[in-house]
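Per-entry structural report
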Amino acid sequence: MNPIARVIRIGTRESALAVVQARLVADYLRHNCPGIQAELVTMKTTGDKILNKPLQAVGGKGLFVKELDKALLEGRTDLSVHSLKDLPMELPQALPIIGYSRREDPRDALVLPQGVSHWNGEGIVGCASPRRIAQLKRLYPKARTALIRGNVHTRLQKLDSGQYSATILAAAGLRRLGLEQRIYRYFSTEEMIPAAGQGILAVQGRQGEDYSCLQGFFDADAAACALAERTFVRVLDGGCSSPIAAYAEIQAGHMRLKGLFCHPDGSGYWTGEIEGPASHAQSLAQSLAQRAKEEQK
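Definitions and limits used
All residue numbers refer to position in the chain's written sequence, counted from 1. For this predicted model, a pLDDT threshold of at least 70 governs which residues receive local features, and a threshold of 80 or more governs which side-chain atom pairs are given and counted, while totals over whole chains, interfaces and linings are taken from all residues. The side-chain figures draw on all heavy atoms in the structure; neither hydrogens nor water molecules are used. What counts as a helix is a DSSP run of H or I of at least four residues, what counts as a strand is a run of E of at least two, and both are numbered from the N terminus. Accessibility here uses a 1.4 Å probe with only protein chains present; expressed as a share of the type maximum, an area under 20% marks a residue as buried, one over 50% as exposed, and anything in between as partly exposed. Note that accessible areas follow from Shrake-Rupley with a 1.4 Å probe, and for residues the cover is restricted to the protein chains shown. A contact between two residues is defined here by any heavy atoms of the two lying within 4.5 Å. Nonpolar cores are built from buried Ala, Val, Leu, Ile, Met, Phe, Trp, Tyr and Cys residues. Side-chain atoms within 4.5 Å join them into one set.

Each helix and strand in the protein was counted, giving eight helices and 15 strands. Taken across its 297 residues, the protein has 53% of its residues classed as buried. Here the protein has roughly 13,300 Å² of accessible surface; of this, 48% comes from carbon and sulfur atoms.

Have a look at this one:
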């Protein structure tokens, strides 16, 4: 393997949250890898530019990584940092995920406009995720949903301007941005099963490079959870248009995996779970996905 440069250029989207997340990797390198300098290379992706249409209508999650992948392939960056939930299920062989961060809070959170302290479960909820919409309808049947796109701060600005009665955001992002005070309530992972990989950062590199300097940053339990959750979604051919969710927890080497699957219109709502050794993460996910297929027939 070829050693990577002593100056490591970290590719990231230019949103405040993406930069904060990339800095977690940069700070680790600076504090734990003597002689290595870390620099952030920020860029606006196609997914960041198209904000007036549902993601599934304009190309899916791949729009958030296209420019980052190109920079990595061309050698303009040495690695990329992503929210794992934003990564497509299929990745270029030349750009593998080299590791996963310890998981932040995986839950979804309900956020109200600035100054509002109570919500009656009605009105318009800004939401772009079919997964969240399908589960929200069961929790708050009187609520309506309307498209909201953009980074965390953009969504909060739209919410505070009166366009929506509430919105749902990942607790991990709000916590990383120091915006926990905006959370009205957390949804338990029983109430609202998170997106596959929610709260986990994925570090993507180039095939054949040496990234051993980052081994201490990576987390084995997060890797097993990521494998299980993404396998569940992949087996069900899940894209942005299908409400599919998966969430794994590990305690003392034992995994509990929960899954959600239904049709794009919200019909055929199915949830299930499976338990077993974390070392069998992939086979557990395959079994649970197969059960979802069979029980939906």
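From this point on, the discussion continues.
Attention now moves to unusual backbone geometry. The residue Ala 252 is not glycine, and still its phi comes out positive at about 50°. Residue position: Ala 252 is located in the loop between strand 13 (244-251) and strand 14 (254-261). Residue classification places Ala 252 among the exposed residues on the basis of a relative accessible area of 88%.

Here helix 4 (residues 130-139) lies mainly inside the structure; seven of its ten residues are buried. Of the residues making up helix 4, those classed as buried are Pro 130, Arg 131, Arg 132, Ile 133, Ala 134, Gln 135 and Leu 136. Looking at the packing, one finds that the buried side of helix 4 touches strand 6 (108-111), strand 7 (124-126), strand 8 (144-146), strand 9 (166-170), strand 13 and strand 14.

Another point: the nonpolar core. Ranked by size, the top nonpolar core spans 24 residues in total, and within it Ala 228, Phe 232, Leu 236, Met 255 and Leu 257 carry the most contacts. Tallying contributions element by element places helix 8 (residues 281-295) first for this core, with six residues. What Leu 236 contacts, discounting residues up to four positions off in sequence, is Ile 244, Phe 261, Ala 289, Ala 292 and Lys 293.

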